[in-house]
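So the chains spell out like this:
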Amino acid sequence: MARITIVACVIFSCEKEETHINHSPPPLAMEEPDILKQIKLGKKLENPYSVVNMRRAYANLIKKLEKGQKGYDSQILKDSSEITTTDYYVKFWVENDEQKQLLLADSLNLSEIPLDVDIEQEGDYYVDGDAQIQEGQWLYASVVKDYEFPKDITFEKVEDLFLIEPSNVEGEETENGFKTTAIAGRTGISKQFLFDLEDEALRLTGNYEEPVESMVEKSKKTPEGYVKVHNTVTNKLDPVIGVKVKTRRWFKWAKGWTNSTGHYKVNRGYRRDVHYTVVFKNTKGFIVWPSLVSISSARYRAGKKSRNGHNFDFYTNSVGWRWAMVNNATVKYFNYSSQMGVGQPHNNLRIVALGGTGYSSAPMLRRVWGYAGFTSRSKVSTFFSKANGITVAANLIWIMYKYILPDILIRSGSSKGTDGVFSTTFHELGHASHFKKVGSGYWIKYINYIITYGAYGDGHGINSGNCGIGEMWGNYFSAVLTDKAFPSSNNYFDKDEDWYNPGFLQDVDNLPDVTTKEIFECLKSTTDTFTDLIAELKTKTTYDEKVDNAFYSYSDWP
């Protein structure tokens with residue numbers, strides 16, 4: 001098992017120490033190694049869908065037809081010259097996230113892994129030998145023959161393809177019941193002929209799989225199943241909501257999304273078994289990432305499974321558990337905040353879900369980039385170092401700089417349990433809601449306070465109010481939502497935590513004419529001292545004296 005060590009736990013802006021809920025406190029570590037499994041490639045496969053090999057297959061098939069071994073009710077291609085390029089197998093040299101998003105906008109299915117190799121060992125990440133040297137990444141795809149290549153993205157054509165079906169379809173593909181189809185400029189071509197041509201090409205190239213009983217029938221099967229994750233509180237499997245499931249066989253892709261029960265069904269059928277991947281890109285818009293140095297979002301690759309479907313059950317011994325748990329906690333946060341009228345975060349959050357225990361943070365780096373001097377890689381490195389003495393390896397920081405710029409970092413190791421991961425996720429998303437309301441200028445002051453005084457400081461110094469109000473809100477709102485999610489648990493909430501005493505907001509929320517929504521409304525861009533906060537809270541209630549009493553009931557304000 002290969003190891004990627006992510007030396008980043010207490011990054012910036014806010015830092016949420018692990019909340020312990022119904023667990024004996026594990027030791028905290030400032031640096032917790034994050035272990036992911038490397039994908040190992042096997043041999044390069046001969047491509048059955050190349051124009052050259054399809055023409056060879058055509059010649060073989062015609063010989064069988066001439067011998068009377070084959071026959072078709074409809075037209076077939078007249079000769080091998082009609083087997084012409086329908087698509088190109090290409091690789092793009094992608095140097096940043098903007099280029100990657102440009103390709104994705106063209107509905108391309110991009111793969112870090114070459115599409116014509118055997119997978120010796122499934123895993124969580126792939127190391128491209130060229131990437132670290134040249135600071136870019138080869139991404140592989142097939143494109144239709146008339147695809148307009150973006151001018152500013154370097155690409156190479158690997159091979160000319162003859163695909164009997166489109167590589168990708170939008171919407172749901174339905175079988176029309178016709179026995180013929182159009183291909184390479186011809187109409188009325190026998191589908192069975194094309195399937196036989198495909199089989200022959202697979203045989204010629206050593207990629208044919210002998211059919212088993214369930215595969216004898218030529219009709220296609222549409223993969224479907226469930227994605228679930230083990231809830232350590234209820235000891236049951238919960239549905240993983242809103243994630244994408246992708247299937248692939250050579251250059252043919254399909255996709256589907258899980259619903260509220262965790263069920264998915266991809267949008268097209270296959271004649272043979274396919275590779276399955278759960279992609280943690282949610283229908284709500286947010287994306288879960290596996291590490292700070294990953295080119296792509298978190299992906300759980302199950303390998304080749306039945307064409308009928310496959311179920312994913314993530315238990316605590318699987319890396320998929322933490323990604324699924326953070327996904328579900330984030331879905332829950334969006335639902336809860338909507339119900340309560342609390343402002344929601346940006347829906348396109350990038351959330352890094354690391355393993356282990358320790359500190360989490362909401363730097364919102366994508367949204368403060370360019371502010372207060374954060375305009376170069378070296379300054380980001382200096383920022384990390386000053387904030388918490390964290391070093392990201394020099395040969396890897398380009399990945400974070402060019403591809404990720406995370407909004408949130410969450411330590412989500414299984415030892416924290418479902419309730420612990422939810423509590424931490426709620427806390428950081430509470431900061432993300434706060435950020436959206438107050439803006440980048442406010443958040444930079446928050447960051448600068450931590451850079452200057454360390455994690456939380458002692459409540460004194462420039463911008464201490466930004467930090468204190470931010471942490472007060474994050475701790476309190478997390479406690480509110482954790483109680484909603486796990487009402488029967490003995491959820492831990494430290495009212496007197498540090499010098500910012502989040503219990504003050506609970507005391508105000510308990511006033512008969514104040515709601516949590518109204519407390520959030522008080523978190524304005526101008527609310528950057530406790531005095532300002534008290535004044536804002538008094539606009540929401542007639543119990544001014546009780547607000548004062550609640551505040552002064554805590555003796556350790558700075």
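About the cut-offs
Residues numbered from 1 in each chain as written. Predicted model: local features only at pLDDT ≥ 70, side-chain atom pairs only at ≥ 80, totals over all residues. Heavy atoms only, no water. Salt bridge = Lys/Arg side-chain N within 4 Å of Asp/Glu carboxyl O. Helix = DSSP H or I, 4+ residues; strand = E, 2+ residues; numbered from the N terminus. Buried < 20%, exposed > 50% of the residue type's maximum accessible area, 1.4 Å probe, protein only. Phe/Tyr/Trp six-rings, centres within 6.5 Å; stacked < 30°, edge-to-face > 60°. Lys NZ or Arg CZ within 6 Å of the ring centre and 35° of its normal. Pairing = 2+ DSSP bridges. Axes fitted to C-alpha atoms, helices over the stretch in contact; angles between N-to-C directions. Contact = heavy atoms within 4.5 Å. Expected span 1.5 Å × (residues − 1). 1 Å grid on protein atoms, 1.4 Å probe; cavity = no way out; pocket = protein on both sides within 12 Å on 5 of 7 lines; lining within 4 Å. Points joined across faces, edges and corners; volume = space filled by probe spheres on them. pLDDT = per-residue confidence, 0-100. Parallel < 35°, antiparallel > 145°, perpendicular 65-115°, else oblique. Nonpolar A, V, L, I, M, F, W, Y, C, P; charged D, E, K, R; others polar.

Enquirer: What exactly am I supposed to notice about the pattern of salt bridges here?
Expert: This structure, assessed with the given rule, holds 22 salt bridges. With a shortest N-O distance of 2.9 Å, Lys538 and Asp548 are connected by a salt bridge. Of this pair, Lys538 sits in helix α14 (residues 530-538) while Asp548 sits in helix α15 (residues 544-552), placing them 10 residues apart in sequence. Looking at Lys538, the relative accessible area reads 24%, which means it is partly exposed. Overall, the relative accessible area of 24% leaves Asp548 in the partly exposed class. Three or more residues joined by partner-sharing salt bridges are found here, namely Glu198, Asp199, Arg271 and Arg272.

Enquirer: Just checking my understanding: could you explain the packing of aromatic side chains for this structure?
Expert: One pass over the full model with this rule turns up 41 aromatic pairs. Taken together, a centroid distance of 6.3 Å and an interplanar angle of 85° make the contact between Tyr58 and Phe193 edge-to-face. Linking Tyr58 in helix α1 (residues 51-66) with Phe193 in helix α4 (residues 191-204), this pair joins segments that are 135 residues apart in sequence. Taking the relative accessible area as the measure of exposure, Phe193 reaches 1% and is therefore buried. Where Phe504 meets Phe551, the ring centres are 5.4 Å apart and the plane angle is 80°; that geometry is what we call edge-to-face. Taken together, the residues span a long stretch of sequence, with Phe504 in helix α12 (residues 503-509) and Phe551 in helix α15 at a distance of 47 residues. Relative accessible area serves as the criterion here: at 0%, Phe504 is assigned to the buried category. Members of the aromatic cluster, each reached through a chain of ring pairs, are Phe286, Tyr333, Phe334, Tyr336, Phe422, Phe426, Trp473, Phe477, Phe486 and Phe520. The ring of Tyr336 carries Lys484 above its face, with NZ or CZ at 5.0 Å from the centroid.

Enquirer: Looking at this structure, I do not really get the sheet that holds strand β5 (residues 137-144). What am I missing?
Expert: Two pairing modes exist for strands in a sheet, parallel and antiparallel, and in both the strands are linked by backbone hydrogen bonds. A sheet is described by the order of its strands in space; here three strands give the open sequence β5-β3-β6, paired in antiparallel fashion. At either margin of the open sheet sits one strand with a lone partner, and together these are β5 and β6 (154-161). Averaged over all neighbouring strand pairs, the angle between strand axes comes to 25°, with direction disregarded. Strand direction decides the pairing type here: strand β3 (residues 87-94) and β6, joined by seven bridges, are antiparallel. Of the residues in β6, the one forming a bridge with Trp93 is Thr154.

Enquirer: Would you mind going over the environment of Lys43 with me for this structure?
Expert: Note that Lys43 resides in strand β2 (residues 40-44). Here Lys43 is in contact with Val117 and Asp118, once residues within four sequence places are set aside.

Enquirer: I'm lost on α4 in this one. Help?
Expert: Every α-helix winds through 3.6 residues per turn, so residues three or four apart in the chain are directed the same way. Between its first and last C-alpha, α4 extends 20 Å over 14 residues, near the 20 Å set by a 1.5 Å rise per residue. Here α4 lies mainly inside the structure; 11 of its 14 residues are buried. Of all the positions in α4, only Lys191, Phe193, Leu194, Phe195, Asp196, Leu197, Glu198, Asp199, Glu200, Ala201 and Leu202 are classed as buried. Of the surrounding elements, those touching the buried residues of α4 are α1, β7 (180-183), β8 (186-190) and β11 (244-249). Positive phi shows up at Gly206, right after α4, with a value of about 75°.

Enquirer: Looking at this structure, I do not really get empty space enclosed by the protein. What am I missing?
Expert: Using a probe with the size of a water molecule, rolled over the atoms, empty space left in the structure can be pinpointed. Inspection of the entire model under this criterion finds three cavities of 30 Å³ or more. The computed volume of the largest cavity comes to approximately 220 Å³. Looking at the largest cavity, it is lined by 16 residues, and the ones nearest its centre are Tyr49, Glu165, Glu198, Arg249 and Lys252.

Enquirer: Help me understand the confidence of the model for the protein in this model?
Expert: Low pLDDT means the predicted atomic positions in that stretch should not be read closely. Across the protein, pLDDT averages 86, with 86% of residues at or above 70. Low pLDDT (under 50) marks residues 1-13, which in the prediction has 65 contacts with non-local residues, meaning those over four places away or in another chain. Low confidence marks residues 15-34, where pLDDT is under 50. Its contacts with residues over four positions away, or in another chain, come to 70 contacts.

Enquirer: Looking at this model, I keep getting lost on the packing of helix α5 (residues 319-340) against helix α11 (residues 464-485). Mind explaining?
Expert: For any two helices packed against each other, the geometry comes down to the angle between their axes and how far apart the axes lie. For the pair α5 and α11, the least separation of the axes is 11 Å and the interaxial angle reads 105°. Relative to α11, the element α5 lies roughly perpendicular. Side by side, α5 and α11 meet where Tyr333, Tyr336, Gln339 and Met340 of the first sit next to Phe477, Val480, Leu481, Lys484 and Ala485 of the second. Its residues assigned to classes, the contact of α5 with α11 comprises seven nonpolar, one polar and one charged.

Enquirer: Would you take a moment to explain the sheet that holds β11 for this structure?
Expert: With antiparallel pairing, four strands are arranged side by side in an open sheet as β12-β11-β14-β16. The sheet is open, and its two borders are formed by β12 (252-257) and β16 (299-305), each paired with just one other strand. Pairs of neighbouring strands in the sheet enclose a mean axial angle of 20°, with direction left out of account. Examined bridge by bridge, β11 and β12 share six bridges and lie antiparallel to one another.

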